[in-house]
Amino acid sequence: MAKTKKSRAPLGNTEIRRLMLHYFYERNKNATSSKGKKGSAVKISDVKRELKAAHGLAQQEVQSNLTYLISQGWVEEKPIEKMFTARGGTMIPSTTTYFQITAAGIDKIEGPGEFTNPQSHGIKIEATGQNIITLGDGNQVNAKFGELGEALAELRDAITTSDAAEADKLSLVADVQPSNRS
């Protein structure tokens, strides 16, 4: 008689990401070391195995959603490089990658706390005397765009103090944050 697979209702990516982020959060919360079996940082093979056992997630579901969580800054990769010697004396590099929840990921679950670094520390304007104005967190703006820079700084402040979801705030602040291009 053939084994039948337990079927589960298909989960959407958002639910899978939530499960995965909670997995990394619980790992960090219960960690007794930085890496390894009881560590906050974990290898991809362990992530896939443990999420399959706990939630029935396929390797493809774990990998694609882990990529998303990394790109959003909720989880980070921590590669550890080592060298080992082959029989002939040749040194061969080896990299083991660990994955760990970030402070932003913890704040996503717990909400911002006393130690959360705010996106905007207020509006600070300094004139350098060379038609360059320094705004907010050190962004430099040509004086002829000073009013625009002030408006963007005010908009960024309004976004960070709004009642919007934290993920939405991060996305919106990134849209109005000046780039460091010359």
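Attention in this report is confined to the structure presented alongside it. (Residues numbered from 1 in each chain as written. Predicted model: local features only at pLDDT ≥ 70, side-chain atom pairs only at ≥ 80, totals over all residues. Heavy atoms only, no water.)

Take the sheet that holds strand β4 (residues 91–101) next. With respect to topology, four strands assemble into an open sheet ordered β1-β2-β4-β3, the strand pairing being mixed. The sheet terminates laterally at β1 (33–35) and β3 (75–85), the two strands that pair on one side only. Averaged over neighbouring strand pairs, the angle between their axes works out to 30 degrees when direction is ignored. With eleven bridges joining them, β3 and β4 adopt antiparallel strand pairing. Among the inter-strand pairings, Phe84 is bridged to a residue of β4, identified as Ile92. Together, β3 and β4 form the strand contacts of helix α3 (residues 59–71), whose direction differs from that of β3 by roughly 105 degrees. (Pairing = 2+ DSSP bridges. Helix = DSSP H or I, 4+ residues; strand = E, 2+ residues; numbered from the N terminus. Axes fitted to C-alpha atoms, helices over the stretch in contact; angles between N-to-C directions. Contact = heavy atoms within 4.5 Å.)

Counting 18 residues, the largest nonpolar core has Met20, Phe24, Val47, Leu51 and Val75 as the members making the most contacts within it. Among the elements of the structure, α1 (13–29), α2 (44–55), α3 and β4 are those that each provide at least two residues to this core. Among the elements that line this core, the one with the most residues is α1, at six residues. Excluding residues within four positions of it along the chain, Val47 makes contact with Tyr23, Phe24, Val42 and Val62. (Core = buried A, V, L, I, M, F, W, Y, C linked by side-chain atoms within 4.5 Å. Buried < 20%, exposed > 50% of the residue type's maximum accessible area, 1.4 Å probe, protein only.)

Residues three or four positions apart in an α-helix share a direction because the helix packs 3.6 residues into each turn. With 13 residues, α3 extends 18 Å from end C-alpha to end C-alpha; this agrees with the ideal 18 Å at 1.5 Å per step. Gly73 sits one or two residues past α3 and shows a positive phi near 85 degrees. (Expected span 1.5 Å × (residues − 1).)

The next subject is the environment of Phe99. Mapping Phe99 onto the fold places it in strand β4. A relative accessible area of 7% means that Phe99 is categorised as buried. For the pair formed by Phe99 and Pro79, sequence separation is 20 residues and the distance between their alpha carbons is 8.5 Å. With sequence-adjacent residues up to four places away left out, Phe99 is seen in contact with Phe24, Ser40, Ala41, Val42, Lys43, Ile44, Leu66, Ile70, Val75, Glu76 and Glu77.

The subject of this paragraph is the environment of Ser64. One can find Ser64 in helix α3. Given a relative accessible area of 43%, Ser64 falls into the partly exposed group. At 3.5 Å, the side chain of Ser64 and the backbone oxygen of Glu61 are in polar contact. (Polar contact = N/O pair within 3.5 Å; in protein donor to acceptor, adjacent residues only side chain to side chain.)

Here Gly105 is to be found in helix α4 (residues 103–110). With 32 residues separating them along the chain, Gly105 and Gly73 place their C-alpha atoms 7.3 Å apart.

Locating Ser40 in the fold gives a position in strand β2 (residues 39–43). Within polar-contact distance, the side chain of Ser40 engages the side chain of Gln100 at 2.7 Å. Apart from residues no more than four positions distant in its own chain, Ser40 is found in contact with Arg27, Asn28, Ala31, Ser33, Ser34, Lys35, Phe99 and Gln100.

Moving on to the pattern of salt bridges. One pass over the structure, following the stated rule, counts four salt bridges. The residue Glu26 makes a salt bridge to Lys29 at a minimum N-O spacing of 4.0 Å. One end of the pair, Glu26, and the other, Lys29, are both in helix α1, three residues apart, so they sit about a helical turn from each other. Looking at Lys29, the relative accessible area reads 53%, which means it is exposed. (Salt bridge = Lys/Arg side-chain N within 4 Å of Asp/Glu carboxyl O.)

Structural measurements only, silent on function.
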